[in-house]
Amino acid sequence: MNYDIEYAYACHRGKVRSNNEDNFWCCGHMLPEINDGSGEISEERCSSRTFPVLALFDGMGGESCGEVAAKLAAERLGSYYQRNRAKLKHRAEEFVQEACREMNRAVCSYAAKNRISTMGTTLAMAVFAGQKLYMCNVGDSRIYQERNGAFFRMSTDHVQGNGLFGKAPLTQYLGIPEDHMVIQPSVAEIDCQPDTRIMLCSDGISDMLTEVEIQAILNRKKNASDTVHDLMKLALEKGGRDNATVILCQVHERKAKEPIRERLKKVLRL
């Protein structure tokens, strides 16, 4: 099956935080290190033949370290993708695992060079590899799948405990030195099918909205841009306590082009 991916994405500082530590990498697009969010919803469409990769990052660490970690990870994903996109034809899972290690090393190298002890970022990533779609997360940024009314969380929250008395600390994130712990991304693989919708979000969305609310918005079957707008709008209306980033991908089957001879026959009959 040849298919197109319609995708939309947005990043907002929220209504409480004074800075934005979120970032994204959407087929080459990312935010500068110091930013106030994307300011608008971006929408694109591409072919599966381009092997698109989309990801978001939720940085953490004091004194602007979160912004730096998120930008470093986005940049390293972009450079790794440019060098290794060919792997997505036959070695997609290897691509996913190596990309995570590369992003982790980029953050760790900067932290070690600048003697920073608390610096990192979460990751949620969607990798379109021909007939397969790989979803990967590190930390508590989430990935959801919706198709024909069926709704699933595809990511795993890498947190310690249940967070009953505040935000649960992360057990996995990009920025863990390899001599301390090996990062273990959660990876899910599905077949790409028409009408599949994949949503990636930072906790500025998932902490503000229940999964019932997220499912209800996805079930409205609006286009990608309008769906991102509805998700962001509700998260802000409910308080917007954190930076919020959301990426929505929709799979559309590409109809085969009619042969030139048949098209000519129709024109001649007219």
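Use the structure listed above.
We now turn to the structure provided with this report. (Residues numbered from 1 in each chain as written. Predicted model: local features only at pLDDT ≥ 70, side-chain atom pairs only at ≥ 80, totals over all residues. Heavy atoms only, no water.)

### Here's the deal with the overall build of the protein
The secondary structure content of the protein amounts to six helices and twelve strands. Computed over the C-alpha atoms, the radius of gyration of the protein is 19 Å, within 12% of the 18 Å expected from 2.2 N^0.38 for a compact globule of 270 residues. If one aligns the C-alpha atoms of the protein with their principal axes, the spans along those axes are about 75 × 40 × 30 Å. Taking all 270 residues of the protein together, 51% fall into the buried category. Taking the contacts inside the protein whose residues are at least 6 apart along the sequence as the reference set, 74% of them involve residues at least 24 apart. Taken as a whole, the protein presents about 13200 Å² of accessible surface, with 48% of it coming from carbon and sulfur. (Helix = DSSP H or I, 4+ residues; strand = E, 2+ residues; numbered from the N terminus. Rg over C-alpha atoms; globule rule 2.2 N^0.38 Å. Buried < 20%, exposed > 50% of the residue type's maximum accessible area, 1.4 Å probe, protein only. Contact = heavy atoms within 4.5 Å. Areas by Shrake-Rupley, 256 points an atom, 1.4 Å probe, with all protein chains shown as cover.)

### Overview of the packing of aromatic side chains
Here a ring pair, both rings aromatic, is described through the centre-centre distance and the interplanar angle of the planes. The full count for this structure, using the stated rule, is seven aromatic pairs. Look at Y7 and Y9: their rings are 6.2 Å apart centre to centre, the planes differ by 15 degrees, and that puts the pair in the stacked class. Side by side, Y7 and Y9 carry an identical accessibility label, which is buried. Here the aromatic cluster, defined as three or more aromatic residues joined through ring pairs, consists of W25, Y80, Y81 and F95. (Phe/Tyr/Trp six-rings, centres within 6.5 Å; stacked < 30°, edge-to-face > 60°.)

### Description of the packing of helix α4 (residues 211–218) against helix α5 (residues 224–237)
At a minimum axis distance of 9 Å, the contact between α4 and α5 shows a crossing angle of 150 degrees. What the angle tells us is that α4 and α5 run roughly antiparallel. As α4 runs across α5, the sense of the crossing is right-handed. Here E213, I214, I217 and L218 of α4 come into contact with α5, specifically with T227, D230, L231 and L234. Taken together, the residues of the contact of α4 with α5 break down into five nonpolar, one polar and two charged. (Axes fitted to C-alpha atoms, helices over the stretch in contact; angles between N-to-C directions. Parallel < 35°, antiparallel > 145°, perpendicular 65-115°, else oblique. Left-handed = near helix turned anticlockwise from the far one by under 90°. Nonpolar A, V, L, I, M, F, W, Y, C, P; charged D, E, K, R; others polar.)

### Notes on the side chain of E146
Here E146 shows up in strand β8 (residues 142–147). Polar contacts involving the side chain of E146 include one to the main-chain amide nitrogen of G149, which spans 3.0 Å. Excluding its chain neighbours within four sequence positions, the residues that come into contact with E146 are F151, D195, T196, R197, L218, N219 and K221. (Polar contact = N/O pair within 3.5 Å; in protein donor to acceptor, adjacent residues only side chain to side chain.)

### A short note on the side chain of S186
Mapped onto the elements of the fold, S186 is located in strand β10 (residues 186–191). In this structure the side chain of S186 is engaged in a polar contact, spanning 2.8 Å, whose partner is the side chain of H158.

### Remarks on unusual backbone geometry
The phi dihedral of C27 is positive, around 50 degrees, even though this residue is not glycine. By the secondary structure assignment, C27 is in the loop between β2 (22–26) and β3 (42–47). A relative accessible area of 30% means that C27 is categorised as partly exposed. Phi is positive for K221, close to 60 degrees, though the residue is something other than glycine. Here K221 shows up in the loop between α4 and α5.

### A short note on α5
An ideal rise of 1.5 Å per residue puts 20 Å on 14 residues; α5 measures up with 20 Å between its terminal C-alpha atoms. Of the positions making up α5, those classed as buried are A224, S225, T227, V228, D230, L231, M232, A235 and L236. After α5 finishes, the residue G239 shows a positive phi value of roughly 130 degrees. (Expected span 1.5 Å × (residues − 1).)

### Some words on the pairing of strand β9 (residues 150–153)
Relative to β9, β8 runs antiparallel, the two sharing four bridges. When the sheet's bridge partners are listed, R147 is paired in β9 with A150. The loop that links β8 with its antiparallel partner β9 comprises two residues; one of these, N148, has a positive phi angle of about 55 degrees. (Pairing = 2+ DSSP bridges.)

### Thoughts on the pattern of salt bridges
The tally for this structure, following the rule as stated, stands at 26 salt bridges. With its nearest N and O atoms 3.2 Å apart, the salt bridge here joins D230 to R220. A residue pair is termed long-range when its members are at least 10 positions apart, and D230 in helix α5 and R220 in the loop between α4 and α5 qualify at ten residues. Put simply, E237 and K233 hold a salt bridge, and the shortest N to O gap is 2.5 Å. (Salt bridge = Lys/Arg side-chain N within 4 Å of Asp/Glu carboxyl O.)

Read these as geometric descriptors, not functional statements.
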